[in-house]
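# Report on the structure
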Amino acid sequence: MKILVINGPNLNMLGIREPDIYGKEDYNALCGMINAHCRRLGIEVEIFQSNHEGEIVDKIQSAYKKFDGIVINPAAYTHTSVAIPDAIKAVGIPAVEVHISDVSRREPYRRVSYVREACVGSVVGEGFGGYTRAIDLLAFGEKEGGRL
Ligand code: CA2
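Our subject in this report is the structure included herewith. (Residues numbered from 1 in each chain as written. Predicted model: local features only at pLDDT ≥ 70, side-chain atom pairs only at ≥ 80, totals over all residues. Heavy atoms only, no water.)

## Some remarks on the layout of surface pockets
To keep things clear, this is the line we draw: Lining residues are defined by having an atom within 4 Å of a point belonging to a cavity or pocket. Those points lie on a 1 Å grid over the protein atoms alone, cavities being sets where a 1.4 Å probe fits but cannot get out and pockets being open sets with protein on both sides within 12 Å along at least five of seven lines. Grid points are joined across faces, edges and corners, and a volume is the space filled by probe spheres set on the points.
Looking at the largest pocket, its volume works out to about 460 Å³. In this structure, the largest pocket is lined by 20 residues; those nearest its centre are Pro 9, Asn 10, Leu 11, Glu 18 and Tyr 22.

Here it is in structure tokens:
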């Protein structure tokens with residue numbers, strides 16, 4: 001199985017500020033955790049980060065017929081982008097949305113997710129562990145991986 005993990009704008013700055021919301025660990029630690037989890041499960045993984053909406057759309061398109069699942073934290077684009085969910089629908093690859101923080105308990109504008117309707121599941125408010133949960137959901141489905 002091949003999974004593409006996509007991270008949106010500013011996630012490369014994790015650990016620098018707002019540790020109360022996003023934790024103390026940095027982006028390298030997040031990538032290390034995802035890589036270790038996938039290695040344990042025998043899953044091939046590629047991790048991609050961009051601050052640009054069009055680059056994220058290009059990356060999703062390039063996954064067509066190459067990846068079996070997408071884990072995506074679109075960061076701020078979650079609340080604004082129509083192009084990202086359109087791209088997920090276009091490639092037809094099962095995708096799970098992840099948010100490190102619990103966006104449902106933050107500012108009202110963070111409660112809106114345009115990406116969610118294009119995804120088979122969402123994991124919010126579980127910190128970095130949300131990424132491994134999302135990978136498990138794609139690999140094992142609802143039964144072993146938890147909620148979808
Ligand atoms: O909770 C999440 O994972 C978010 O997707 C993170 C985004 C935010 O815009 C979403 O509403 C929720 C922010 C990404 C990183 O932001 C930083 C802020 C300060 C310092 C470092 C990173």
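## A closer look at the packing of aromatic side chains
The condition is simple: Each pair of aromatic rings taken from Phe, Tyr and Trp, with Trp reduced to its six-membered ring, is defined by centres within 6.5 Å and is described as stacked if the planes are under 30 degrees apart, edge-to-face if over 60, and tilted in the remaining cases. Here, a charge over a ring is recorded when the distance from Lys NZ or Arg CZ to the ring centre is within 6 Å and its angle to the ring normal is within 35 degrees.
Per the stated rule, a full pass over the model turns up zero aromatic pairs. In this arrangement the basic side chain of Lys 2 is found over the ring face of Phe 67, its NZ or CZ atom lying 4.8 Å from the centre.

## Side note on the sheet that holds strand β5 (residues 121–124)
Sheet strands associate in pairs through backbone hydrogen bonding, adopting either a parallel or an antiparallel arrangement. Worth spelling out the cut-off: Should DSSP find at least two bridges between two strands, the strands are taken to pair. The numbering of helices and of strands both runs from the N terminus, where a helix is a DSSP run of H or I of at least 4 residues and a strand a run of E of at least 2. A fitted line through C-alpha atoms serves as each axis, taken over the contacting stretch for helices, and the angle formed by two N-to-C directions is quoted from 0 to 180°. Pairs of residues are marked as contacts when any of their non-hydrogen atoms sit within 4.5 Å.
One open sheet holds the five strands; their spatial order is β2-β1-β3-β4-β5, and the pairing between them is parallel. Edge positions in the sheet fall to β2 (44–49) and β5, since each of these pairs with one other strand and no more. Here the strands of the sheet are splayed against their neighbours by 15° on average, with no regard to which way each runs. As judged from the three bridges shared by strand β3 (residues 69–73) and strand β4 (residues 95–99), these two strands associate in the parallel manner. Within β4, the position partnered with Ile 72 by the bridge is Glu 97. Here helix α2 (residues 27–41) sits on the sheet in contact with β1 (2–7) and β2, set at roughly 160° to β2.

## A look at the environment of Val 71
Under the convention used in this document: Relative accessibility under 20% of the residue-type maximum defines a buried residue, over 50% an exposed one, and the middle range a partly exposed one, all with a 1.4 Å probe and only protein chains included.
Along the chain, the position of Val 71 falls in strand β3. Taking the relative accessible area as the measure of exposure, Val 71 reaches 0% and is therefore buried. Separated by 68 residues in sequence, Val 71 and Ile 3 have C-alpha atoms that sit 7.3 Å apart.

## Considerations on the pairing of β4
Across the five residues that make up β4, a large majority, five, are buried. In this sheet, β5 lies alongside β4 in parallel orientation, the contact comprising four bridges. Note on β5: the bridge partner recorded for His 99 is Val 124.

## A word on the site of the ligand
Here is the rule: Nearness here has a simple test: a residue counts as near a molecule or strand if at least one of its heavy atoms is within 4 Å of that partner. Distance and chemistry together define a polar contact, namely a pair of N or O atoms within 3.5 Å, with one atom able to donate a hydrogen and the other to accept it when in protein, and with adjacent residues in sequence counting only for side-chain atoms on both sides. Methods summary: accessible areas were calculated by the Shrake-Rupley approach with a probe of 1.4 Å, and residue burial reflects only the protein chains presented. Cavity and pocket membership follows a simple rule, namely that a molecule belongs there if more than half of its atoms are within 2 Å of the grid points.
Asn 73, His 79, Ile 100, Ser 101 and Arg 110 are the nearest of the 16 residues found near the ligand. Contact between the ligand and His 99: an oxygen atom at 2.9 Å from a side-chain N or O atom of the residue. Expressed as a share of its isolated accessible area of 510 Å², the protein-covered part of the ligand is 91%. Given that more than half its atoms are within 2 Å of the pocket grid, the ligand belongs to the largest pocket.

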